[in-house]
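# Notes for the structure review
So you can see what is in the structure, the chains are spelled out below.
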Amino acid sequence: MMPDQRFPSSRPSGRLSMLLSEPEVDAETEALMQSDLMPRAPSPFTTHKGTTPIPTRQIICLLALSLAEPIHSTQIQPYLPQLIEEIGITGGDMSKVGYYSGLIDTTFFFTEAIFVLQWARISDQIGRRPVLLMGVTGLTISATCFGLSSTFQGLILSRALAGVLNANFAVLRGAMAEILNPSNFARTIAWLPIVWSAGATLGPLVGGSLSHPYERLPALFGDNKLWKRHPYLLPCLFSATVSASSFVLAFIFLKETLHARREPSIHDGYGEYQLIESRASSAVSNAPPMTSAPVINGPRPTLRSLITPPFLVILLNYSIFSLLEVSLNAVLPLYLAAPFEYGGLGFSPSLIGVCLAILGLLNGTIQVVYFADIHACWGSKKMLRAGMLAYAIIFALFPVISWMARDGSVGIGVWIILILQATMFPSAMMISSCITILLTSATSPSALGAANGLAQTTASFLRALGPAGVTSLLALSVDKNLAGGSFVFYFVSVIALLGFAAGGLIVEATPDGVRHD
């Protein structure tokens, strides 16, 4: 576009000049911009058709850190019902297994809800790197203690420790937003749920195959009584090793992302940002990034300033998604493990592990191949609403499966419905990436940590209530034969439909800069 000839100078002034001109930089700033410490700013003359190169090493470190949590959480799922029964807390009453299993899940999310916002706000001050390293340290200790616990109180304390020290999911999203831009954000952020799916695939396989190694693998572990006293220590040590390995990788290679700050520039509808240099001389020096806390220019937004109508709508949808996700994670293993007379399918821990692993693999594969393209066509709002509908269908199919297996066998019809359920999972789990994109676009870049922490706090409280609530409702449905023992599934399906309606309230930006509801 030609400059306006009404002005004496052909060079625009002020903020517009900063965007349309080629700035002059000194040698230190140029060195910083070429390093992984500084996010790559899109050229003001390029469109979103061109993708900015991704800081691959930093993304790999962040993804490695994100892998530890799903393995830590899901490796206990295949054997948790059996573990609850073996420690004797139920007194031989199988109907109480779901209740105590839900309490263990609730403990982690309740403690996370209390501490995640504090860790996220701390990461806005001292940087993402130390908080992320603390998170995987907590997972390492927690997994080891869980495997060594032989009482219900020990299991509760072990899970509580992970919740107290680990705020990585909230902090990771802020870190990724700081090193990406609109041209590569959707395609790259999709790797977070993909890696989560990979961990959710590996975790159940590990938990199902490595539990009770003294009896199942006597050639390797039969000589050591430790594995007999602690039959679930081996899968927990595997989880702890993954967490420790991610700590080492991040400690060596991960650089602080908070050295560079992003502030909103002229908005193009997808949240394009202009990079603002911060501590450039320190970042290009030989001193490691952790020598002192990053200095961020300008006042910190208060929590009250984050509570805008668009943010609240996103928070509502994230809360519903979190409740649905944790309800499915709590119910599915119990449903697969429950005997036929309790409305379940009577699967063994190893078969449950295989089923959960297949779901994780399917989800991860579809997301890595299709998420970015679907998002480019549909946008976050439509994808989120489709995911809510998928959750409604998934839960509505559980009573159908129970009815088809009422004769005490798992026939071809049951497997067909299970496969149909499995095809719904990827659409449901894509909500996570959509929420991340929507949350980032609705938040001031200087408050990414606090915003993600606030969202994770709300979600964690619901996730704390979800497992105990849904598993208790499952036990009540079976005990009182409510809706044929399937009341809990109809109830959660209705919540999913409410999530579909809440998704319609989202205001989403479009490439022309106009926001549509």
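Residues numbered from 1 in each chain as written. Predicted model: local features only at pLDDT ≥ 70, side-chain atom pairs only at ≥ 80, totals over all residues. Heavy atoms only, no water.

### Let's talk about the overall build of the protein chain
What the protein chain contains, in helices and strands, is 22 helices and 4 strands. Burial analysis of the protein chain (517 residues in total) assigns 55% to the buried set. Taking as baseline every contact in the protein chain between residues at least 6 positions apart, the subset at least 24 positions apart corresponds to 79%. Total accessible area on the protein chain stands at roughly 22400 Å², and carbon and sulfur atoms take up 66% of it. (Helix = DSSP H or I, 4+ residues; strand = E, 2+ residues; numbered from the N terminus. Buried < 20%, exposed > 50% of the residue type's maximum accessible area, 1.4 Å probe, protein only. Contact = heavy atoms within 4.5 Å. Areas by Shrake-Rupley, 256 points an atom, 1.4 Å probe, with all protein chains shown as cover.)

### Structural notes on the packing of helix α10 (residues 191–210) against helix α18 (residues 349–404)
At a minimum axis separation of 7 Å, α10 and α18 run at an interaxial angle of 165 degrees. In terms of orientation, α10 and α18 fall into the roughly antiparallel class. Pair α10 / α18 crosses with left-handed handedness. On the side of α10, the interface is formed by Trp191, Pro193, Ile194, Ser197, Ala200, Thr201, Pro204, Leu205 and Gly208, while α18 contributes Pro349, Ser350, Gly353, Val354, Leu356, Ala357, Gly360, Leu361, Asn363, Gly364, Gln367 and Val368. (Axes fitted to C-alpha atoms, helices over the stretch in contact; angles between N-to-C directions. Parallel < 35°, antiparallel > 145°, perpendicular 65-115°, else oblique. Left-handed = near helix turned anticlockwise from the far one by under 90°.)

### Some words on the side chain of Gln58
Looking at where Gln58 falls in the secondary structure, it is placed in helix α3 (residues 56–74). Polar side-chain contacts of Gln58 include one of 3.3 Å to the backbone oxygen of Phe253. (Polar contact = N/O pair within 3.5 Å; in protein donor to acceptor, adjacent residues only side chain to side chain.)

### Observations regarding the environment of Leu202
Note on placement: Leu202 falls in helix α10. Spatially, the C-alpha atoms of Leu202 and Val354 are 9.4 Å apart, while their sequence positions differ by 152 residues. In contact with Leu202, other than residues within four places in its own chain, are Ile71 and Phe238.

### Looking at the pattern of salt bridges
Oppositely charged side chains may form a pair once their charged atoms are brought near each other. Taken as a whole and judged by the stated rule, the model has 2 salt bridges. When the shortest N-O distance is used, the salt bridge between Asp124 and Arg128 registers 2.8 Å. With a relative accessible area of 4%, Asp124 lands in the buried category. Residue Arg128 is classed as buried on the basis of its relative accessible area, which comes to 2%. One connected set of salt bridges, linked through shared partners, spans Asp124, Arg128 and Glu178. (Salt bridge = Lys/Arg side-chain N within 4 Å of Asp/Glu carboxyl O.)

### Observations concerning the side chain of Asn166
Residue position: Asn166 is located in the loop between α7 (152–165) and α8 (168–179). Overall, the relative accessible area of 1% leaves Asn166 in the buried class. Within the structure, Asn166 has its side chain in polar contact with the backbone nitrogen of Asn168 (distance 3.3 Å). With residues up to four places along the chain from it excluded, the contact list for Asn166 reads Glu69, Phe108, Glu112, Gly135 and Leu139.

None of the figures reported here should be taken as evidence of function without further support.
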